[in-house]
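# Coordinate inspection notes
The chain contents come next:
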2 protein chains.
Amino acid sequence: MHCEVIAVGTELLLGIVVDGNSAWIGEQLALAGIDCYFQVKVGDNFKRIEGAIRQALERSDAVICCGGLGPTQDDITRDVIAHVMGVEMRRDAVIADRIRSIFASRGRVMSQNNLRQADVPIGAQPMAQMPGTAPGLVCPIGDKVLYAVPGVPSEMREMISGTVLPDLRRRSGQAAVIMSRVLRTWGMSESGLAEALAVRVEELDRLGNPTIAYQASGIEGIKVRIVAKCDDAAEAARILDREEALLRGVLGDVVFGIDEQSMEVVVLKLLKDKGLTLAVAEELTGGLLSSRMSAADPAMAVFRGGRIAADAIADGRLPLNERAGAAAAAVRSHYQTGVGIAAVAGKREAGVVEVALAADLGGGRHGETQLLPGDQKRLRDFAVINLLNLLRKALCT
Amino acid sequence: MHCEVIAVGTELLLGIVVDGNSAWIGEQLALAGIDCYFQVKVGDNFKRIEGAIRQALERSDAVICCGGLGPTQDDITRDVIAHVMGVEMRRDAVIADRIRSIFASRGRVMSQNNLRQADVPIGAQPMAQMPGTAPGLVCPIGDKVLYAVPGVPSEMREMISGTVLPDLRRRSGQAAVIMSRVLRTWGMSESGLAEALAVRVEELDRLGNPTIAYQASGIEGIKVRIVAKCDDAAEAARILDREEALLRGVLGDVVFGIDEQSMEVVVLKLLKDKGLTLAVAEELTGGLLSSRMSAADPAMAVFRGGRIAADAIADGRLPLNERAGAAAAAVRSHYQTGVGIAAVAGKREAGVVEVALAADLGGGRHGETQLLPGDQKRLRDFAVINLLNLLRKALCT
């Protein structure tokens, strides 16, 4: 089963919008075990959209067409599809009523153009998910199928997950359920992970299910993705659970979370579970740490605040690691939190910076000194995640 | 002149990497007046890369092929190009020496594989720019041309700007120089800008040069791009200068900067020019403002620091605007800076939040209360940029 992706929109070709939709769809197709060999971007031009669709239908079994379903004159994907299908449009009364009521509920005047979104090529089926005003379409063409989804990422995602992937799986005769789980790691290189898991990966190569893959994700750490393929979801979940436990046993506290859990979410949860609050002293990271923590804890119930200054947070005459410890203690005391943490920069030398990280937990202090890359952005990114990782490990002991 | 872009790499189809390269190239082509009708992503597969290149050569005058020039077995773009050109490879001795010396200078062992990057299809010309180990290639094919550039964004950009665009302009017989300037605006809607500039745009439509276009860029404001096309660069620069002055005359202080100048860079420059320093109180924005200011001023010479807390920055019993003013004054006094600014949240109601922004400049206070969207991320983003804009206007008066 091959599925091709066509992203429609002149703004994509002009670089005004970066096409992240195709990348996301590609990832979902791969996870569903469906091959995607081509992804094409084309502008809002009838002939060229038609050409791209015809070519895709020729060389692939299914086509996902993303974008160009809006209400303006530019949005012609719907018309091109009807032309390729060789059919007329019908105005879908249910969708038209829905669009009218969306405008009415927002107190906005609807121009007649908006009802174009209720036009459906005869033989095509609107998708059940309809988070916006543009309906997605399932269009059978010969023994192949074309899916049209809007370019708005949230709407597109809902339709791909809710209609397109299940339909593709059904068509591919794949009764199997494919489920995946990501173990998020920090503190070990990709080759280190591969070495640690070599024996298990060899076993799995023989068994064939589940499979394991690594995905380096920069400041998000290295992801270890487990993919299980089974006859039913319960069995797949059991396999994922078992494999996760097994890999955690090997990797230990290098695994900080699963799936979409970021380091800050994990740290906030650990703090909350222990009834602790947090304050930060940012001499080095200039507000980046606070910004990430407050984004993950908007009510600032656990993360209580921080102090940012180029210097003067703590006595500059102290040795670096003691300065960081003193800064962590000072901010903990000032904000009256259970935990204070600090990142402080020391000597800068050829491309690297000496950095002290410290966590003051009241009862005890944890700290370490590291050499981090001198490039300002990477220095800050690494200091933030390493400091959070230090706190995470301190909270787990 | 049509130029097509092919991005090569299975990681692009799998969504592991989002293809930002094609978007950037598309933007550069548009600015150079060269049409781009198709952009295609294809995996590391000989037959499919070949198919994409042959089709592109058929329907376009020029092709830019991005990625697949690395040293590993996956990187086969070079081989496919030689095949399409119908030629053998020759090993370029100069490039080979260069690759050897790059490895030697880094004290790393070079595997023989790396010398594959010195292989050049006979008849192709290596590009002069060579920031990494992969050379870009200019490959004449019949009366058309194919450019191969690496997928590493910084290397790709250098080669596109240094070789590909000048070569494309020469081939298109376009003697003209195309230059652009972006006016960065904040505080006026796109339709507001269009209305304010309607008379001038009408004049320019008649004159034909320069042209003006709007580009909504979310939290970066709305960009007004002036594009001038002339016989020489000096004349183009003069036209841009004159048009910028004219538009600034109409738009006034809605224009906060040009080209790549962000709001924080502009504010930091204004402060520096006046010999002022800055501290911030973040009750609402949780460190985002500090993070952006310190990123733009890593030495923290002008931005001296800030305090972040959910509350308790200033007396909660005061009216909202007075609280913001008091917080700005307090942080200014604490950090002993010339200016203190603060963002404070008030009532939350159906989708909106009442927000007070204040700047204390020692001699005087500036402040305003606004209704901002209740969605946490947008609320913070808007509060940051609106607060900086308030300070910018205060510094200009």
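Residues numbered from 1 in each chain as written. Chains lettered and ligands numbered in written order. Predicted model: local features only at pLDDT ≥ 70, side-chain atom pairs only at ≥ 80, totals over all residues.

What follows covers the overall build of chain A. What chain A contains, in helices and strands, is 13 helices and 17 strands. Its C-alpha atoms put chain A at 80 × 60 × 45 Å along the principal axes. In chain A, which comprises 397 residues, the share counted as buried stands at 42%. For chain A, long-range pairs separated by at least 24 residues make up 65% of all intrachain contacts whose partners lie at least 6 apart in sequence. (Helix = DSSP H or I, 4+ residues; strand = E, 2+ residues; numbered from the N terminus. Buried ≥ 20, exposed ≤ 12 C-beta atoms within 10 Å, placed from the backbone. Contact = placed C-beta atoms within 7 Å.)

So, about the pairing of strand β10 (residues 211-216) of chain A. Residue and element names in this part refer to chain A. Sheet analysis places β10 next to strand β11 (residues 222-230), joined by 6 bridges and oriented antiparallel. Bridging from a neighbouring strand, A213 pairs with R225 of β11. Connecting β10 to the antiparallel partner β11 that follows it, the hairpin turn spans 5 residues, and G218 within it adopts a positive phi of roughly 55°. (Pairing = 2+ DSSP bridges.)

For the rest of this paragraph, the subject is the domain arrangement of chain A. Per the domain assignment, the segments of chain A are domain 1 (3-171), domain 2 (177-258) and domain 3 (263-396). Its C-alpha centre places domain 1 of chain A at a distance of 34 Å from the equivalent point of domain 2 of chain A. (Domains from an automatic or database assignment.)

Attention now goes to the relation of the copies chain A and chain B. Mapping chain A onto chain B leaves a residual RMSD of 0.1 Å; the transformation is a rotation of 180° accompanied by 0.1 Å of translation along its axis. The transformation relating the two chain copies, once decomposed into turn and shift, fits a two-fold axis. In this assembly the copies share their binding face: 100% of the residues contributing to the interface of chain A also contribute to that of chain B. (Least-squares fit on C-alpha atoms with pLDDT ≥ 70 in both.)

What follows is about the environment of Q129 of chain A. All names here are of chain A. By the secondary structure assignment, Q129 is in the loop between β6 (125-126) and β7 (137-141). Between the alpha carbons of Q129 and I160 there is a distance of 9.5 Å; along the sequence they are 31 residues apart. The residues touching Q129, leaving out its near neighbours within four places in the chain, are G136, E158, M159, G162 and T163.

The next point concerns the sheet that holds strand β9 (residues 177-185) of chain A. Residue and element names in this part refer to chain A. A sheet is described by the order of its strands in space; here 4 strands give the open sequence β10-β11-β9-β12, paired in antiparallel fashion. Two strands bound the open sheet, and with one partner strand each, they are β10 and β12 (255-258). The mean angle between the axes of side-by-side strands here comes to 25°, regardless of whether they run parallel or antiparallel. With respect to the sheet, helix α9 (residues 233-251) is in contact with β9, β11 and β12, its orientation differing from that of β9 by roughly 20°. (Axes fitted to C-alpha atoms, helices over the stretch in contact; angles between N-to-C directions.)

Residue and element names in this part refer to chain B. The strand order across the open sheet formed by 4 strands is β10-β11-β9-β12, and the pairing between neighbours is antiparallel. Because the sheet does not close on itself, it has two edges, and the strands there are β10 (211-216) and β12 (255-258). Averaged over all adjacent pairs, the angle separating strand axes in this sheet is 25°, with direction ignored. Of the pairings in the sheet, the one linking strand β9 (residues 177-185) to strand β11 (residues 222-230) comprises 9 bridges and is antiparallel in character. Considered in β11, the bridge of R181 is made with I226.

Before going further, it helps to examine the environment of E354 of chain A. Residue and element names in this part refer to chain A. Residue placement: E354 occurs in strand β16 (residues 352-360). E354 gets classed as partly exposed once you count the C-beta atoms within 10 Å, which come to 16. For the pair E354 and Q370, spaced 16 residues apart in sequence, the C-alpha to C-alpha distance is 5.8 Å.

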